[in-house]
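Descriptive structure summary
Chain residues, written in single-letter form:
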Amino acid sequence: VFYNTVQGLGVNLQARYSHILNNRQYYDLIPDIRYGLGNKIFTANVNGDFFYDPFHNARIFGGFGSDILDLNNVGTRSLYFNTLSTLLSEENYVKYYKSEYINGGFQREIANGVLWTTSLTYADRQQLFNTSYYSLFTKTPHFSSNNPLMPNAPETDRSVLFPENQALTFFTSFRIDFDQQYMTRPTGTVYLPSKYPEVTVSYRQGINDVLGSDVKYNFASINIA
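Residues numbered from 1 in each chain as written. Predicted model: local features only at pLDDT ≥ 70, side-chain atom pairs only at ≥ 80, totals over all residues. Heavy atoms only, no water.

1. Here's the deal with the overall build of the protein chain
In terms of regular secondary structure, the protein chain is built from one helix and 13 strands. Along the first, second and third principal axes, the C-alpha atoms of the protein chain reach 60 × 40 × 35 Å. For the protein chain, restricting intrachain contacts to residue pairs at least 6 apart in sequence, the fraction spanning at least 24 positions comes to 59%. Within the structure as shown, the protein chain displays about 13100 Å² of accessible surface, and the carbon and sulfur contribution to it stands at 60%. Each charge class in the protein chain was averaged separately, 17 positive and 19 negative side chains, and the resulting centres sit 3 Å apart. (Helix = DSSP H or I, 4+ residues; strand = E, 2+ residues; numbered from the N terminus. Contact = heavy atoms within 4.5 Å. Areas by Shrake-Rupley, 256 points an atom, 1.4 Å probe, with all protein chains shown as cover. Lys, Arg positive; Asp, Glu negative; His and termini not counted. Charge placed at Lys NZ, Arg CZ, Asp CG, Glu CD.)

2. A few points about the pattern of salt bridges
Under the counting rule described, the total for this entry stands at six salt bridges. Its salt-bridge partner being R108, residue D53 comes within 3.7 Å of it at the nearest N-O pair. Residue D53 is found in strand β5 (residues 42-53), and its partner R108 is found in strand β7 (residues 96-111); the two are separated by 55 residues along the sequence. With a relative accessible area of 15%, D53 lands in the buried category. Judged by relative accessible area, which is 26%, R108 ranks as partly exposed. Across the salt bridge formed by R175 and D177, the nearest N and O atoms sit 3.5 Å from each other. A single salt-bridge network, built from bridges that share partners, covers R175, D177 and E198. (Salt bridge = Lys/Arg side-chain N within 4 Å of Asp/Glu carboxyl O. Buried < 20%, exposed > 50% of the residue type's maximum accessible area, 1.4 Å probe, protein only.)

3. Here we look at the side chain of E155
Following the sequence through the fold, E155 ends up in the loop between β8 (114-127) and β9 (165-177). Nearest to the buried, unbridged E155 among oppositely charged side chains is K95, at 9.8 Å. Within the structure, E155 has its side chain in polar contact with the backbone nitrogen of F143 (distance 2.7 Å). In contact with E155, not counting residues within four places along its chain, are N130, Y133, P141, H142, F143, S144 and S145. (Polar contact = N/O pair within 3.5 Å; in protein donor to acceptor, adjacent residues only side chain to side chain.)

4. Some remarks on the packing of aromatic side chains
Counting across every chain of the model gives eight aromatic pairs. Geometrically, the ring pair formed by Y26 and F51 is stacked, given 4.7 Å between the ring centres and 15 degrees between the ring planes. Separated by 25 residues along the polypeptide, Y26 in strand β4 (residues 26-36) and F51 in strand β5 bring together distant segments of the chain. The exposure class of F51 is partly exposed, given its relative accessible area of 21%. Here Y97 and F162 contribute two aromatic rings whose centre-to-centre distance is 6.3 Å and whose plane-to-plane angle is 80 degrees, an arrangement assigned as edge-to-face. (Phe/Tyr/Trp six-rings, centres within 6.5 Å; stacked < 30°, edge-to-face > 60°.)

Right, dumping it as structure tokens:
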């Protein structure tokens, strides 16, 4: 059970089904449903992973359905932290939008210490607005708009952040662990902690005019952790 200013009081139910095919292969299926009483939007999706080669950290993954997502794609606050901050201190940090999507991808270690991941996603994305303004300790609470580019707008603001759009997105990354040490067991590879930083080089492309996709951009990043 959760609360936010976009969906109001809501429920998010998730389950996980795991099936072991043999000592080296298994798959997970994760169905998820979500409903908010404030905006009366129901979403449902299922995502899955097939781990087929434990010696090379290899898996195939994908999913489809609809979901309510954080505009910050690395996530600012958890669903429950945002619930508490909204109800207790009138701080609705997370800004939401709706996505109907299908995606698929692949991951594999292509050399010792180099993990390659690639995916393709198609999504229809819709802007959402605040619908609920309740706080536990204030009769007339004040919240921020669901548009993060309008921080001083009233909570009922319905300014356009983005029009409904379709996006076909390609993603690929290489995670590099220097001097990676590991142990090999009959059931797979066990990786040991490295004393060196982990470097991830990523590239994302918005593919325009394919399947009605409206986006067109190239984005590259390097993350050191």
